[in-house]
Amino acid sequence: MRPLEWSDKWSVGLDIVDDDHKKILQLINRLGEMRREGRAENGAASVIASVAAYTDYHFRREERILEAVDFPELERHRAIHGRLKTKTNEFLQAVLEHPKLVDVEGLESFLVHWWQNHILEEDMAYRPYLAENPEAEKIATAE
Ligand SMILES: [Fe+2]
Ligand SMILES: [Fe+2]
């Protein structure tokens, strides 16, 4: 599987959100490196835990911004996030319980496709709402 590479076409128009997306792509790529180097059995759990934690952190930020800019599709978007969180946590649980049995390549492939589709299709749909709203950046950095 080819590593995910961020380029300008991935930009949603707000640096802090783009940085979150870059960080998530990096973590997914790290999982791929580990698998290719044969270190997934021992190391995948900690990378998947980082993916799960950062995904959570990013979704909270993104949803806070979408709420503030009155994104009309927020509830649908939130539901999509919720399903991915559940799936990522299920994988994490499985890898913690049975590190040898988990299909890390399958997870990697799932995450690559999920994130690529989500950022380029779903996240891109809110781009115009951020562009019209200078408050978005302030909200993005508030905890
Ligand atoms: Fe999203
Ligand atoms: Fe996002």
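Let me sum up the structure you'll find in this document. (Residues numbered from 1 in each chain as written. Chains lettered and ligands numbered in written order. Predicted model: local features only at pLDDT ≥ 70, side-chain atom pairs only at ≥ 80, totals over all residues. Heavy atoms only, no water.)

### Points about the coordination of the iron ion (ligand 2)
Angles at a metal have ideal values that depend on geometry: 109.5 degrees with four tetrahedral donors, 90 or 180 degrees with six octahedral donors. The iron ion (ligand 2) binds to the protein through His 21 (NE2), His 58 (NE2), Glu 62 (OE) and Asp 123 (OD); the donor distances cover 2.0 to 2.2 Å. For the iron ion (ligand 2), the 4 donor atoms are set out with angles of 83 to 170° between them, so the coordination reads as irregular. One chain supplies every donor for the iron ion (ligand 2), spaced along it as H-x36-H-x3-E-x60-D. Separating the iron ion (ligand 2) from the iron ion (ligand 1) is a distance of 3.5 Å, and Glu 62 supplies a donor atom to each of them. With His 21 in helix 1 (residues 15-36) and His 58 in helix 2 (residues 40-68), the pair connects residues that are 37 residues apart, well separated along the chain. For His 21, a relative accessible area of 0% gives the class buried. For His 58, a relative accessible area of 0% gives the class buried. (Donors = N, O, S within 2.8 Å, 3.2 Å for Na, K, Ca; no water. Tetrahedral: all angles 85-135°; square planar, octahedral: opposite > 155°, others 65-115°. Helix = DSSP H or I, 4+ residues; strand = E, 2+ residues; numbered from the N terminus. Buried < 20%, exposed > 50% of the residue type's maximum accessible area, 1.4 Å probe, protein only.)

### Here's the deal with the pattern of salt bridges
The final tally for this structure, using the stated rule, is 13 salt bridges. Among the salt bridges present, the one from Glu 108 reaches Arg 35, with a minimum N-O distance of 2.5 Å. Placement of Glu 108 in helix 4 (residues 104-122) and of Arg 35 in helix 1 is noted, with a sequence separation of 73 residues between them. Given the relative accessible area of 21%, Arg 35 is considered partly exposed. (Salt bridge = Lys/Arg side-chain N within 4 Å of Asp/Glu carboxyl O.)

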